[in-house]
Amino acid sequence: MAEAADFQGTSPSPARRWLRRSGALLAGAPLLAGLLQLPLGTPSQAAERASVADAAGSGTVDISLDSLSPSTPTEGDTITVSGSVTNKSRQTVTDAHVGIRVGPSLNTRSAIDTVAKRTSFQPGLDAAEVGGKYVAKVTKLASGSSQHFSISVPAKELDLGADGVYQLGVSLTGRTTAQQWDQVLGIERTFLPWQPDAADTKTRTTYLWPLMSTVHLTAETGSDEQQTPVFKNDDLAAEIAPGGRLDQLLSLGSGLDVTWVLDPDLLASVDAMGGGYRIQQEDGTTVAGQNRAVANAWLNKLEKAVQNQNVVALPFADPDLASLAHHGKDVTGSLSHLKDATDVAADTVDTIVHVKPSTDFAWPVDGAVDPSIVKVATSAGADKVIARSDSLRETGGLSYTPSAARPIGGGTTAVVADERLSTAFQGDMLKAENSTLAVQKFLAQSLMINLQQSGDERSIVVAPQRMPTASQAQSMAEALRVLQQGTWTESQGLAEAAKAKPDPGATTKVPPTSSYPSALRHRELPSKAFVRIQQTQSKLDKFRLILTDESRVVTPFGRAIDRGMSVSWRGRPTEAEAFRTGVDHYLDGLMGLVHLIKKSDAKLSGRSATIPVTVQNNLVQGVDHLVLRLTSGQPTRLKIGNGPYAEQIQVAGEHSQSVKFTTSTKANGPVKVTAQLYTEDGQPYGDAVSFEVKVTEITSTVMLVIGGGVLLLVLAGFRMYTQRKRAAAQQVEGDPEDGPEAGGVRKDTGGTVDTEHTEDSEAGPERASGSESGADDPEQPSDPTPDTASESADPSGTGERVDR
């Protein structure tokens with residue numbers, strides 16, 4: 001809020017002003033009397049020395065204020081302050097005591113900030129000790145030693161007057177061996193909200209209670225029917241186990257009147273764990289998780305806590321709106337992921353904890369907004385943006401803190417959370433002192449808001465850090481318990497705060513992009529993150545087209561893509577990049593399970609043959625809508641069907657299928673053939689498989705040679721036949737006793753017939769015919785065995801399937 005908003009809007013009543021002035025005069029009377037009794041030169045010098053000594057020595061002892069009870073006292077209460085004192089100097093502290101200093105009251109919110117920053121004792125600004133018996137003696141405090149103290153004082157002894165925020169100091173006054181006079185050696189300040197009676201008009205306060213975590217689930221799932229989820233580690237189990245961060249947040253929030261802000265991804269992750277899960281190991285293997293019961297118990301506890309309560313669901317995995325606006329909106333498809341994450345949010349929450357949440361709120365990191373963030377935030381359907389007052393600053397000179405709701409144009413409402421209250425518990429709350437001081441300052445700021453404009457009802461929203469630690473949550477809960485039991489506020493839900501009547505004087509102008517904090521900008525997700533996400537989405541869109549049950553892949557990968565844009569990656573660029581890369585590579589691996597089996601080079605002879613190509617599907621589900629295309633690099637030499645020929649493929653899960661393509665040859669020589677899978681819309685799927693086919697066609701010259709050989713065989717057979725016929729005729733004309741076996745002479749020639757020669761002549765043509773090849777004869781060219789179907793020696797029709 002602007003500094004102008006720190007001044008009270010109404011002046012104190014005349015009676016109250018008279019009381020304050022009278023008190024101041026009475027408090028100054030003893031000092032005036034003392035001054036009149038001393039010489040004129042000495043008092044001022046002594047006072048100056050005392051003031052300097054007190055201021056110089058006030059850092060000697062460290063005071064830890066560990067508890068203040070009650071935090072907001074009323075009349076009749078006894079206030080107890082306890083803690084410890086530690087000597088940080090090298091000198092021993094003696095004759096010391098711890099005392100309480102109350103007052104004066106503070107009038108503005110900035111005055112509270114100023115007091116909280118002061119570390120040394122300042123006379124005039126720090127009130128006098130209550131004194132008397134309300135001190136704790138510290139006789140001796142050696143160097144480096146500590147001593148516990150506890151002081152109880154009735155509220156009536158503090159002379160608290162009008163309602164307001166009072167400064168409360170706890171100081172140690174004593175001596176050191178080097179300075180043997182009383183001086184303030186240490187002081188710690190806090191605040192005492194004083195509102196004993198109920199305020200006439202109470203501030204309506206909304207406190208957001210976030211249940212969020214980092215990304216735990218991967219995109220990987222088991223191949224079983226349940227698709228067992230795989231987690232990066234078992235850290236989530238530690239968070240939801242009894243005593244864990246999320247378990248404490250849930251337990252603490254259950255007893256408070258808050259607005260629950262849920263990340264659906266957290267609920268989905270715990271729900272997945274409850275059904276059985278596995279944990280990723282460094283070597284890539286997975287082991288079974290052992291915390292199903294813990295997950296189910298936490299979800300049951302959450303379901304009971306949020307029934308009939310105000311619940312807001314952020315988009316799934318809490319996407320980084322500022323990163324989308326500054327680096328992702330120009331990457332195609334990035335804003336569609338935000339829309340998908342918003343659409344699944346309500347169903348996820350309702351399904352798991354059976355509550356219908358509000359999904360029309362967007363919450364940028366730290367409530368920092370600019371026009372581009374507002375535009376992106378509302379692009380997915382949200383019409384309310386949770387901003388913060390250090391971003392949407394007041395410029396109208398208001399003397400009070402206005403209500404949270406602001407119309408910022410376009411039908412959008414900015415719900416402006418108070419920066420001081422929202423950041424009150426961001427420090428280290430493990431130390432009791434830090435927690436005590438944070439709680440008292442939170443309560444003081446809350447009361448001061450109510451005192452600023454006590455006649456008008458206002459709605460204030462508190463939006464703490466997204467993922468508070470367990471100790472921060474404990475401090476938040478302690479402050480809220482006191483606040484909700486107090487006298488100046490009452491609780492309301494975020495939806496009601498957004499509907500409250502806007503203050504006409506409050507700023508409604510969204511700051512320019514140039515004013516966005518550089519510290520936040522440096523932690524945003526880079527443009528390359530959204531480029532990687534879009535690459536993964538493009539692959540997923542291609543993969544889903546061929547699946548018979550796309551939900552087994554689209555759902556886990558869609559949610560994994562949402563997780564890649566999560567706010568939780570801020571400040572962890574290496575882990576974020578590893579996650580997004582892991583999702584992309586895992587998808588590549590799944591897509592690679594549907595592929596063509598590589599082929600070796602082949603040899604074809606003859607005018608036609610078949611070439612089989614095999615598609616392997618190692619997925620557990622079937623694939624469909626794939627097209628296999630075989631292309632010849634030289635169609636004039638080797639033609640495939642009507643070329644190129646494509647065949648639609650459908651392969652059952654964990655099966656393969658072969659398709660035989662009919663080819664025809666026109667010329668000899670090697671030909672490069674390429675097989676490629678395509679989706680039905682023509683996009684290549686997977687790697688192509690290329691191989692070489694050597695064509696050895698039978699030419700016309702070879703056919704002439706073969707024809708000539710056949711003619712010679714026919715002529716040789718005819719000659720053998722005529723010779724046998726002539727010999728038989730000569731044998732009939734000769735002496736019957738002088739047959740050919742006796743070496744008789746043939747009738748027509750009178751010569752002898754050489755029967756041995758005749759046998760040789762008969763055998764000769766049989767050998768020449770080559771009708772039966774010997775073992776050493778060359779093998780005839782034929783289709784190579786690996787590239788022809790084993791079922792039949794005949795060419796099969798184009799596109800014939802062979803299932804294996």
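Placed above this text is the structure.
K.L.:
I'd like a description of the overall build of the chain, backed by residues and values.
P.N.:
Scanning the chain from terminus to terminus reveals 20 helices and 30 strands. Taken across its 804 residues, the chain has 47% of its residues classed as buried. In the chain, the proportion of contacts linking residues at least 24 apart, taken out of those at least 6 apart, comes to 78%. About 38,100 Å² of surface is accessible on the chain, with carbon and sulfur atoms providing 51% of the total.

K.L.:
How would you sum up the pairing of strand 23 (residues 608-617)? Please name residues and give values.
P.N.:
Across the 10 residues of strand 23, 9 count as buried, placing the element largely inside the fold. Across 3 bridges, strand 21 (residues 594-596) lies against strand 23 in antiparallel orientation. By the bridge assignment for strand 23, L596 is matched with V615. As paired strands, strand 23 and strand 27 (residues 655-665) are joined by 10 bridges and run antiparallel to one another. Paired with A609 across the strands is T663, a residue of strand 27.

K.L.:
Would you mind going over the side chain of T412 in detail, with residue names and values included?
P.N.:
Mapped onto the fold, T412 is located in the loop between strand 17 (405-407) and strand 18 (413-417). Residue classification places T412 among the buried positions, given a relative accessible area of 8%.

K.L.:
Give me the nonpolar core: which residues, what numbers.
P.N.:
By size, the foremost hydrophobic cluster in this structure holds 76 residues, and its most contacted members are F543, L628, L630 and V693. It is helix 18 (residues 573-591) that contributes the most residues to this core, 6 residues altogether. Core analysis: the next-biggest nonpolar cluster, separate from the first, contains 64 residues, F191, L250, A444 and M448 among them.

K.L.:
Break down the packing of helix 16 (residues 527-544) against helix 18 for me, citing the residues and quoting the values.
P.N.:
It is at 10 Å that the axes of helix 16 and helix 18 come closest, and there the two elements cross at 20°. By the angle between their axes, helix 16 is roughly parallel relative to helix 18. For the crossing formed where helix 16 meets helix 18, the hand is left-handed. Facing A529, R532, I533, Q535, T536, K539, L540, K542 and F543 of helix 16, the residues of helix 18 in contact are E577, R580, T581, V583, D584, H585, L587, D588, L590 and M591. Per-class residue counts for the contact of helix 16 with helix 18 are 8 nonpolar, 4 polar and 7 charged.

K.L.:
Quick rundown of helix 3 (residues 109-117)? Include the residues and the values.
P.N.:
The complete set of buried residues in helix 3 reads R109, S110, I112, D113 and V115. For helix 3, the elements touching its buried residues are strand 3 (93-106), strand 6 (164-176), strand 7 (183-194), helix 11 (419-422) and helix 12 (432-452).

K.L.:
Give a description of the pattern of salt bridges that names residues and reports values.
P.N.:
Proximity of charged atoms lets side chains of opposite charge pair with each other. Under the defined criterion, the tally for this structure stands at 28 salt bridges. The residue R245 makes a salt bridge to E239 at a minimum N-O spacing of 2.7 Å. E239 shares its class with R245; the two are buried. Among the salt bridges present, the one from E550 reaches R544, with a minimum N-O distance of 2.9 Å. Classification of E550 by relative accessible area gives partly exposed; the value is 32%. Note on R544: relative accessible area 28%, which makes it partly exposed.

K.L.:
Residues and numbers for a nonpolar patch on the surface, please.
P.N.:
Together, L711, L712 and L715 make up an exposed nonpolar region whose accessible area comes to about 320 Å². Mapping L715 onto the fold places it in helix 19 (residues 700-733).

K.L.:
Give a description of the pairing of strand 19 (residues 459-462) that names residues and reports values.
P.N.:
With burial as the criterion, each face of strand 19 is covered, one bearing S459 and V461 and the other bearing I460 and V462. Relative to strand 19, strand 8 (residues 203-211) runs parallel, the two sharing 4 bridges. By the bridge assignment, T205 is partnered in strand 19 with I460.

K.L.:
Pulling in residues and values, what's your account of the side chain of H216?
P.N.:
Mapped onto the fold, H216 is located in the loop between strand 8 and strand 9 (217-221). A distance of 3.3 Å separates the side chain of H216 from the backbone oxygen of T214, its partner in a polar contact. Apart from residues no more than four positions distant in its own chain, H216 is found in contact with F231, K232, N233, D235, L236 and E239.

K.L.:
I'd like a rundown of the packing of aromatic side chains, residues and numbers included.
P.N.:
Evaluated as defined, the whole model comprises 6 aromatic pairs. Between the aromatic rings of Y207 and F442, the centroid separation amounts to 6.3 Å while the plane-to-plane angle is 65°, which identifies the pairing as edge-to-face. One end of the pair, Y207, is in strand 8; the other, F442, is in helix 12, with 235 residues separating them in the sequence. Relative accessible area serves as the criterion here: at 2%, F442 is assigned to the buried category. Aromatic side chains F557 and Y586 sit 5.7 Å apart centroid to centroid with 20° between the ring planes, which places their arrangement in the stacked category. Separated by 29 residues along the polypeptide, F557 in helix 17 (residues 551-563) and Y586 in helix 18 bring together distant segments of the chain. Owing to a relative accessible area of 2%, F557 belongs among the buried residues under this scheme. Cation over ring: R466 sits above W363, and NZ or CZ is 4.4 Å from the ring centre. Above the ring of Y678, the side-chain terminus of R629 is found at 4.6 Å from the ring centroid.

K.L.:
Run through unusual backbone geometry, naming residues and quoting values.
P.N.:
Of the consecutive residues S69 and P70, the connecting peptide bond is found in the cis state with omega at -10°. Position of P70 relative to the elements: it lies in the loop between strand 1 (61-69) and strand 2 (78-87). That bond from G103 to P104 is cis: its omega, 0°, falls within 30 degrees of zero. As for its position among the elements, P104 is in strand 3. Positioned with a positive phi, D95 is a non-glycine residue whose angle comes to about 50°. Tracing the backbone shows D95 in strand 3.

About the thresholds
- Here the residue numbers are simple positions, counted from 1 along each chain's written sequence.
- Per-residue local features are limited, in this predicted model, to residues with pLDDT of at least 70; the limit for side-chain atom pairs, both in listing and counting, is 80 or more; totals at the level of whole chains, interfaces and linings are taken over all residues.
- Just so you know, side-chain values use all the structure's heavy atoms and leave hydrogens and water out.
- Each helix corresponds to a stretch of at least 4 residues labelled H or I by DSSP, and each strand to a stretch of at least 2 residues labelled E; elements are numbered beginning at the N terminus.
- Three exposure classes are used, based on accessible area relative to the maximum for each residue type with a 1.4 Å probe and protein chains only: buried under 20%, partly exposed in between, and exposed over 50%.
- In what follows, residue pairs with any heavy atoms lying within 4.5 Å of each other are defined as contacts.
- All accessible-area figures derive from a Shrake-Rupley calculation using a 1.4 Å probe, and residue coverage is judged against the displayed protein chains alone.
- Paired strands, as defined in this entry, are two strands with at least two bridges between them according to DSSP.
- The definition of a nonpolar core used throughout is a set of buried Ala, Val, Leu, Ile, Met, Phe, Trp, Tyr and Cys residues joined through side-chain atoms within 4.5 Å.
- Only C-alpha atoms enter the line fits that serve as axes; for helices the fit covers just the stretch in contact. Angles between N-to-C directions range over 0 to 180 degrees.
- Each angle is binned into one of four classes, with values under 35 degrees roughly parallel, values over 145 roughly antiparallel, values of 65 to 115 roughly perpendicular, and all other values oblique.
- The handedness criterion is simple: a crossing whose near helix is rotated anticlockwise from the far helix by less than a right angle is left-handed, and one whose near helix is rotated clockwise is right-handed.
- Residues were grouped as follows: Ala, Val, Leu, Ile, Met, Phe, Trp, Tyr, Cys and Pro as nonpolar; Asp, Glu, Lys and Arg as charged; and all remaining residues, including Gly, as polar.
- Throughout this description, the term salt bridge denotes a Lys or Arg side-chain nitrogen within 4 Å of a carboxyl oxygen of Asp or Glu.
- What goes into a patch is any residue over 30% in relative accessible area without a salt bridge, connected to like charges within 9 Å or, for nonpolar side chains (Val, Leu, Ile, Met, Phe, Trp, Tyr), within 5 Å.
- For this analysis, a polar contact is any N or O atom pair within 3.5 Å, provided that within protein one partner can donate a hydrogen and the other can accept it, and provided that sequence-adjacent residues contribute only side-chain to side-chain pairs.
- Between the rings of Phe, Tyr and Trp (Trp by its six-membered ring), a pair exists once the centres lie within 6.5 Å; its type follows the angle of the planes, with under 30 degrees stacked, over 60 edge-to-face, and the other angles tilted.
- Look at NZ for Lys and CZ for Arg. If either is within 6 Å of the ring centre and within 35 degrees of the ring normal, a charge sits over the ring.

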